[in-house]
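# Analysis of the macromolecular model
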Amino acid sequence: MHRRGIDEADYDADRAEQLAHRLQREHGLSRRQLFQVAAAGAPLLLLGRGALATPAARAQAATAPPTAPAPAAATPIVKPLPPEWFDPFGTNAEMRWAAAHELGYEIPAERFFVRNHTATPAIDVATWRLRVFGSGLRRRPGQPEAAEFSLADLERLPARTQTAFVECAGNGRSFYAGQQGTPASGTQWRLGAVGVARWRGVPLAEVLERAGLKRSAVDVLPEGLDANVVSGGVDQGRVRRPLPISKALDDALIAYEMNGQPLPPDHGFPARLIVPGWIGIASIKWLGQIEVADTPLFSPWNTTSYRLVGGDYPVDSPPITTQVVKSAFELPFGAEFRRGRPTLLHGRAWSGSGASIRAVEFSDDGGRCWRRTLLHGRNRPNAWVRWSVPWLPRSAGAVELRARAIDWRGNTQPATTPFNTNGYLYGAVVRHPVTVV
Ligand SMILES: Nc1nc2c(c(=O)[nH]1)N[C@H]1C(S)=C(S)[C@@H](COP(=O)(O)O)O[C@H]1N2
Ligand SMILES: [Mo]
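Remember, it's a predicted structure, so these values are computed and weren't measured experimentally.

What follows is about the overall build of the protein. In terms of helices and strands, the protein carries 8 helices and 24 strands. Counting every position in the protein, which comprises 437 residues, the buried fraction comes to 54%. Of the contacts formed within the protein by residues at least 6 apart in sequence, a portion of 73% connects residues at least 24 apart. Carbon and sulfur atoms provide 54% of the accessible area of the protein, an area that totals close to 18,800 Å².

Let's shift gears to the packing of aromatic side chains. Scanning all chains against the criterion turns up 15 aromatic pairs. Between Phe 113 and Trp 189, the aromatic rings sit 6.0 Å apart at their centres with planes inclined by 90°, giving edge-to-face as the arrangement. With Phe 113 in the loop between strand 2 (92–95) and strand 3 (114–115) and Trp 189 in the loop between helix 5 (174–178) and strand 7 (194–203), the pair connects residues that are 76 residues apart, well separated along the chain. Residue classification places Phe 113 among the buried positions, given a relative accessible area of 4%.

Turning next to the sheet that holds strand 22 (residues 384–391). Strand pairing in a sheet is mediated by backbone hydrogen bonds. Such pairs are either parallel or antiparallel. Spatial ordering of the open sheet is given by 16-18-22-21, a layout of 4 strands whose pairing is antiparallel. For this open sheet the edge positions go to strand 16 (326–329) and strand 21 (374–379), each flanked by a neighbour on one side alone. With direction set aside, neighbouring strand axes in the sheet form an average angle of 25°. Two strands pair when backbone bridges link them, and strand 18 (residues 343–350) and strand 22 are joined in this way by 8 bridges, in the antiparallel orientation. Looking at strand 22, one finds that Gly 347 is bridged to Trp 387.

Let us look at the pattern of salt bridges. According to the stated counting rule, one finds 13 salt bridges in the structure shown. Note that Asp 87 is salt-bridged to Arg 96, the shortest N-O span being 3.4 Å. On the basis of relative accessible area, Arg 96 is assigned to the partly exposed category, the value being 29%. For Glu 400, the salt bridge goes to Arg 402, with nearest N and O atoms at 3.7 Å. Its relative accessible area of 12% is what places Arg 402 among the buried residues. Each of the salt bridges in this network shares a partner with another, and the network as a whole consists of Glu 106, Arg 198 and Arg 378.

Attention now moves to the site of ligand 1. Taken together, 20 residues surround ligand 1, and among them His 117, Asp 226, His 267, Arg 272 and Lys 285 come closest. In the model, an oxygen atom of ligand 1 is placed 2.7 Å from a nitrogen or oxygen of the His 267 side chain. Coverage of ligand 1 by the protein chains reaches 100% of its 530 Å² of free accessible surface. Class assignment for the residues of the shell around ligand 1 results in 10 nonpolar, 6 polar and 4 charged.

What follows deals with the nonpolar core. Ranked by size, the top nonpolar core spans 45 residues in total, and within it Val 132, Leu 154, Leu 204, Leu 208, Ile 254, Ile 290 and Val 292 carry the most contacts. Every element with two or more residues in this core is listed here: strand 4 (130–133), strand 5 (147–149), helix 4 (151–156), helix 6 (204–211), helix 7 (245–250), strand 12 (253–258) and strand 15 (287–293). Here this core takes 4 residues from helix 6, the largest share from any one element. One finds Tyr 105, Phe 112, Ala 328 and Tyr 426 within the second-largest nonpolar core, a separate group that totals 35 residues.

This part is about unusual backbone geometry. In this structure, the amide linkage connecting Phe 269 to the following residue, Pro 270, adopts the cis form with an omega of 5°. As for its placement among the helices and strands, Pro 270 is situated in the loop between strand 13 (261–262) and strand 14 (272–274). Non-glycine residue Tyr 306 carries a positive phi angle of around 60°. On the basis of relative accessible area, Tyr 306 is assigned to the buried category, the value being 1%.

Residues at a pLDDT of 70 or more form 83% of the protein, whose mean pLDDT is 87. Of all the helices and strands in the protein, helix 3 (residues 55–62) carries the lowest mean pLDDT, 32, while strand 14 carries the highest, 99. Scored below 50 in pLDDT, residues 1–74 shows 104 contacts in the model against residues more than four places distant or in partner chains.

Consecutive residues of a regular strand have side chains that alternate between opposite faces of the sheet. By the alternation rule, side chains of strand 2 split into Asn 92 and Glu 94 and Ala 93 and Met 95, which are all buried. The sheet contact formed by strand 1 (residues 86–89) and strand 2 spans 4 bridges and is antiparallel. Each residue of the ladder has a partner; that of Phe 89, found in strand 2, is Asn 92. Turn length for the strand 1-strand 2 hairpin, with the two strands adjacent in sequence and antiparallel, is 2 residues, and the turn residue Gly 90 shows positive phi of about 65°. Bridging between strand 2 and strand 3 involves 2 bridges; their strand directions are antiparallel. When the bridges of strand 3 are listed, Asn 92 appears paired with Arg 115.

Calculation notes
Residues numbered from 1 in each chain as written. Chains lettered and ligands numbered in written order. Predicted model: local features only at pLDDT ≥ 70, side-chain atom pairs only at ≥ 80, totals over all residues. Heavy atoms only, no water. Helix = DSSP H or I, 4+ residues; strand = E, 2+ residues; numbered from the N terminus. Buried < 20%, exposed > 50% of the residue type's maximum accessible area, 1.4 Å probe, protein only. Contact = heavy atoms within 4.5 Å. Areas by Shrake-Rupley, 256 points an atom, 1.4 Å probe, with all protein chains shown as cover. Phe/Tyr/Trp six-rings, centres within 6.5 Å; stacked < 30°, edge-to-face > 60°. Pairing = 2+ DSSP bridges. Axes fitted to C-alpha atoms, helices over the stretch in contact; angles between N-to-C directions. Salt bridge = Lys/Arg side-chain N within 4 Å of Asp/Glu carboxyl O. Near = heavy atom within 4 Å. Polar contact = N/O pair within 3.5 Å; in protein donor to acceptor, adjacent residues only side chain to side chain. Nonpolar A, V, L, I, M, F, W, Y, C, P; charged D, E, K, R; others polar. Core = buried A, V, L, I, M, F, W, Y, C linked by side-chain atoms within 4.5 Å. pLDDT = per-residue confidence, 0-100.

Printed below as a string of structure tokens:
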């Protein structure tokens, strides 16, 4: 039988195993001790950030040789994840749309969703270098094989600022099960695996040119410094996904700032790629190296995962690139409204097609009648627009609210999305349940 390709379900299933290995390596705990710690009622995830959180672990630490290296971060996500802002999913955290209404156009770093295949690494910026190498570069005789850039080197290059969303390819995945009755494997996100930020950095094109880009280059392979991803017992190596040279030279950015501050650890410190409009996996965090090749490059992230497989898709459907059109209400699922009391509903809509949003429509009658919402403020391509619509809840009971966006290329949200096994690109209209009392 065909072995199941790597996907997010596998990553999540393997996470505990990886963490156990890591704790074993970094804290010198045996597997048996690890399970004793766990059996003592302490989740393994509590270990980390230098604090060994249980008596058993502290006892073990006390007996460790004094030369043992300081424990590195073992928490999958470094920043706090207050439940009013986030829904946790293992190594990932979803932004709660209900809490987004108080936010401006850009989502602050502390409120931004996190998608980690393994865990946020601790990176020493003093020794960090971005290596750029490969058959797609012309290196002069006497030059080292790889061009190297420190953070200060990158900061000296011409900078560009780009406001763009990062959105997971699996955003909305739970609705394959919830609305269409066909569960897809992977993190069961609602619509909160997306955020817009103002990214500042150096265009990838600039760095590639300085490294000696050849005209014959076809693919660029950025790779992260987080731990290798082990899936189904197979080491897939570091998180990396090839990007065609056309997109690399067009608008991809090596970002070192998020909303005017250095990138926070969870979002790729010291530098990450931002690939506007494309699925989140393109925007590799914690960049360590970039291979540039004059032949096509492959990794598990553009061969077995992040393609549309299963359902009615052909076996050779290409790797996914741009995001589909979506819209979301800034409301809890199951929000309560008073009958007869007029209210103003808010939300946001976005598209990865490179076109901004043309209109967002609203329906409270099962999608029979639609009316226009009002779009507010900025409406940037590859970011989002905020919208609002007045609503009068007329009768008590359960109601489903619907929002449907259309972009300036004419892409819109269908009633259903064709199923794919890994549940990518759920673009259908989401039925948002509320109660009128
Ligand atoms: N090195 C590395 N880069 C990565 C990932 C990762 O696990 N490791 N996750 C990717 C995925 S699947 C997504 S959706 C985005 C999430 O970015 P964020 O955590 O800053 O929101 O980062 C991408 N870049
Ligand atoms: Mo993702």
